[in-house]
Amino acid sequence: MSHSLYQDPMQSQPMVIPDTGIHLRLLPKDISLFDPVLLRHMLCLMIVVRNFFHVYLCWRQLRVCNKNVDPPPEMQNAFTKEAYVASKTDEMYSVEQSLLSYIFDTIFCFIELYFGVYPYLWRVIINCYSIVDDLVWQSIAYVGLFSSYLVLRHLPQIFYNKLVLAQWYNLGRDKTLPLVGVLCSFALLLVLVQVGLVPLTAIFLFIERSGGTFFVLWIWGFLFIVTSLGLMTYSFFGIPFLSKRSKLPAGELKDALAKVLKIFRFKADHVYLIHTNFQLSGSKANAWGCSCWKRIFIMENLLLNLGKPESELYEDEIGKGLNTQEMVGYIAHALVHWRQWHIVKSFIMVHVTLIVYFMIFGVCYRLHCLYEAAGFSPGFYPPIVGYWLVYKYVMPIYLTITNWIIFFVLHSFEYSADKYTWKLGYGSPLVAALLKIFADNPVFPYVDRWYMMWHRFRPTYLLRIKRIAAWRAV
């Protein structure tokens, strides 16, 4: 990037950015991807291909929703007909929201590239800080304005969802926030985005300046250390500051777990309950650690009646959670994940795809034609905007492919753990546990296979139950 833009601030002369961008020019001068006009067309084409592929996936899921009018036989007792209809409505509403988000995103991407939204925001920042000769502070200011724009670009979809889509599906106030509440939450989101992105921007700019040609490897190293520390912290302490843990008390559950813990060489004293003061999105149990430091963490909402007397519970909490045998099957499944190193394999797989991403990023980030394709004048742009341009316009195809690979492997891990659990003799308790967890938190059970491969980290309970039933029949 040219530094001629940054003049001596003591002269108090405003900076002048030459208006030499490609604007709305449609015909390239050369048939080459280094021509900014042709590159802009190609970037938009990739956005269209990727987004409308996901629109097609959403359409497939909506078709599945419309075709299945009755709950599956395997889950007839899991919820009532009314609950099934409600879960179907929620699923269709959620999927249609996703479908519309891809359409709105495509429209905005075209507007941003062809009408120079990003250069316009840069000019606003330069006009405000015209005599500040500090690229770091200008970049931080640009990220603040740019991130606010990214939040505000979702407003048209929010208005459509609230005023049209929610009315179409007749969703009550208990399921969706009123429009005023959504707008207030957006205002809070604007503040939180600034709090998170401003320090990250400073860190990444420092790494870029200090790391030289291979600064992307330093960024990957930073992310690797942060995620590693997160995993280690959870494996040692659970969820620090947000929860407290306690050892599983002596009783029926601890006695019932003794056999399965012995198979995996876990100590009964290393089973902990995680107590939180906030509502968790699901019921979970995890096995972590190695050698002499092995732990099992059980979220308290996985226990039957939260492990409390019924007199201490609200009416809708009574009966939720797993009984002793169901818990044994579920813990056996978690221990199989631990024995087969699924967490470690997933961690390695994600970071391998991430380092490949950063290698591609490092090449594209330094291409001046990419910034010119976004409408910037040659040599006059904030380098920090390259993070977004590469992620949003260059990498969609790569991310679509790698997401499929990651989700495919994660699904395979789940099926592999289910099969090993069944071979150990805990297939029936695991099926009972899956049905009970589903009954406690019912969702629409049917999912299109293609849609699932790009939009679900795990296979559905229904598919897992059917597979275990098929293994029994063999």
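Structure shown above.
To start, this report covers the structure provided alongside it. These numbers come from a predicted model, not from an experiment. (Residues numbered from 1 in each chain as written. Predicted model: local features only at pLDDT ≥ 70, side-chain atom pairs only at ≥ 80, totals over all residues. Heavy atoms only, no water.)

**Here we look at the nonpolar core**
Soluble globular proteins tend to bury their nonpolar side chains together.
Inference 1: Among the nonpolar cores identified, the biggest contains 48 residues, and Tyr118, Tyr142, Phe361, Phe376 and Tyr393 are the most heavily contacted of them.
Inference 2: For this core, the element with the highest residue contribution is helix α12 (residues 385-394), accounting for seven residues. (Core = buried A, V, L, I, M, F, W, Y, C linked by side-chain atoms within 4.5 Å. Buried < 20%, exposed > 50% of the residue type's maximum accessible area, 1.4 Å probe, protein only. Helix = DSSP H or I, 4+ residues; strand = E, 2+ residues; numbered from the N terminus.)

**Regarding the packing of aromatic side chains**
The geometry of an aromatic ring pair comes down to the distance between the two centres and the angle between the two planes.
Inference 1: Evaluation of the coordinates by the stated rule reveals 33 aromatic pairs.
Inference 2: Their ring planes at 55° and their centres at 5.3 Å tell us that Phe215 and Tyr365 sit as a pair that is tilted. Of this pair, Phe215 sits in helix α7 (residues 215-237) while Tyr365 is found in helix α10 (residues 342-365), placing the two residues 150 residues apart along the sequence. One exposure class covers both Phe215 and Tyr365, and it is buried.
Inference 3: Ring centres 5.5 Å apart and planes at 55° place the aromatic pair Phe224 and Phe347 in the tilted group. Residue Phe224 is located in helix α7, and its partner Phe347 is located in helix α10; the two are separated by 123 residues in the primary sequence.
Inference 4: Chaining the aromatic ring pairs together yields one cluster made of Tyr118, Trp122, Tyr142, Phe146, Trp388, Tyr391 and Tyr393.
Inference 5: Seen from the ring of Trp450, Arg60 lies directly overhead, with NZ or CZ sitting 4.6 Å from the centre. (Phe/Tyr/Trp six-rings, centres within 6.5 Å; stacked < 30°, edge-to-face > 60°. Lys NZ or Arg CZ within 6 Å of the ring centre and 35° of its normal.)

**Some thoughts on unusual backbone geometry**
Inference 1: One non-glycine residue, His23, adopts positive backbone phi at about 50°.
Inference 2: Residue position: His23 is located in the segment before α1 (36-67).
Inference 3: Overall, His23 belongs to the partly exposed group, its relative accessible area being 44%.
Inference 4: The phi dihedral of Trp341 falls on the positive side, at around 60°, and the residue is not glycine.
Inference 5: Here Trp341 falls in the exposed class, since its relative accessible area comes to 51%.

**Concerning the environment of Leu200**
Inference 1: Checked against the element boundaries, Leu200 lands in helix α6 (residues 179-211).
Inference 2: What makes Leu200 partly exposed here is its relative accessible area of 33%.
Inference 3: Sequence separation of Leu200 and Ile140 is 60 residues, and the distance between their C-alpha atoms is 9.4 Å.

**Some details on the packing of α1 against helix α13 (residues 396-440)**
Inference 1: Taken N-terminus to C-terminus, the directions of α1 and α13 make an angle of 35°; their axes are 9 Å apart at the nearest point. Two secondary-structure elements touch here, α1 through Met46, Ile47, Val49, Arg50, Phe53 and His54 and α13 through Pro396, Ile397 and Thr400. (Axes fitted to C-alpha atoms, helices over the stretch in contact; angles between N-to-C directions. Contact = heavy atoms within 4.5 Å.)

**Considering a nonpolar patch on the surface**
Inference 1: On the surface, a cluster of nonpolar side chains totalling about 780 Å² of accessible area is made up of Leu33, Met42, Leu45, Val49, Ile397, Ile401, Trp404, Ile405 and Phe408.
Inference 2: Looking at the nonpolar patch, the elements that each hand over two or more residues are α1 and α13.
Inference 3: Top element by residues in the nonpolar patch is α13. It accounts for five residues.
Inference 4: Position of Ile405 among the secondary structure elements: in helix α13. (Patch = residues over 30% accessible without salt bridge, like charges linked within 9 Å, V, L, I, M, F, W, Y side chains within 5 Å. Areas by Shrake-Rupley, 256 points an atom, 1.4 Å probe, with all protein chains shown as cover. Salt bridge = Lys/Arg side-chain N within 4 Å of Asp/Glu carboxyl O.)

**Focus: helix α3 (residues 117-128)**
Inference 1: Here α3 spans 17 Å end to end across 12 residues, near enough to the 16 Å set by a 1.5 Å rise per residue.
Inference 2: Among the residues of α3, Val117, Tyr118, Pro119, Leu121, Trp122, Ile125 and Ile126 are the ones counted as buried. (Expected span 1.5 Å × (residues − 1).)

**Here's the deal with the pattern of salt bridges**
Inference 1: A full pass over the atoms with the stated rule returns 11 salt bridges.
Inference 2: Asp105 serves as the salt-bridge partner of Lys392, at 2.7 Å between the closest nitrogen and oxygen. Taken as a pair, Lys392 in helix α12 and Asp105 in helix α2 (residues 81-114) lie far apart in primary sequence, 287 residues in all.
Inference 3: Residue Lys254 is joined to Asp269 by a salt bridge in which the shortest nitrogen-to-oxygen separation is 3.4 Å. Taken together, the residues span a long stretch of sequence, with Lys254 in helix α8 (residues 252-263) and Asp269 in the loop between α8 and β2 (271-276) at a distance of 15 residues.
Inference 4: Salt bridges here are not isolated pairs; linked through shared partners, they connect Asp105, Glu112, Arg153 and Lys392.

**Here's the deal with the side chain of Lys254**
Inference 1: Within the local environment of Lys254, its side chain forms a polar contact with the side chain of Asp269, the two groups lying 3.4 Å apart.
Inference 2: If sequence neighbours within four positions are ignored, Lys254 has contacts with Leu248, Pro249, Ala268 and Asp269. (Polar contact = N/O pair within 3.5 Å; in protein donor to acceptor, adjacent residues only side chain to side chain.)

**Brief notes about the side chain of Asp418**
Inference 1: Its location among the elements puts Asp418 in helix α13.
Inference 2: By relative accessible area, which is 1% here, Asp418 ends up buried.
Inference 3: Side chain to side chain, Asp418 and His333 meet in a polar contact 3.0 Å long.
Inference 4: A distance of 2.8 Å separates the side chain of Asp418 from the side chain of Arg464, its partner in a polar contact.
Inference 5: The contacts of Asp418, once residues within four sequence positions are left out, are His333, Leu430, Arg464, Ile468 and Trp471.

**Re the pairing of β2**
Inference 1: Counting buried positions over the six residues of β2 gives five, a clear majority of the element.
Inference 2: Bridge count for β2 against strand β4 (residues 293-299) is four bridges, and the pairing is parallel. Opposite Val271, over in β4, you have Ile296 as the bridge partner. (Pairing = 2+ DSSP bridges.)

**Notes on α8**
Inference 1: Within α8, burial applies to Leu253, Lys254, Leu257, Val260 and Leu261. Taken end-on, α8 shows its buried residues confined to a sector of 120°, consistent with a single buried face. Exposed side chains of α8 directed beyond 90 degrees from the buried face belong to Glu252, Asp255, Lys259 and Lys262.
Inference 2: Tucked into the core, α8 has its buried residues touching β2, β4, α9 (324-339) and α13.
Inference 3: Just downstream of α8 lies Arg265, where phi reads positive at about 60°. (Arc of directions from axis to C-beta.)

**Quick word on the environment of Leu99**
Inference 1: Structurally, the position occupied by Leu99 is in helix α2.
Inference 2: A relative accessible area of 14% places Leu99 in the buried class.
Inference 3: The spacing of Leu99 and Leu62 is 37 residues in sequence and 9.9 Å in space, taken between C-alpha atoms.
Inference 4: Among all residues touching Leu99, those that are not within four sequence positions of it are Val55, Cys58, Trp59 and Leu62.

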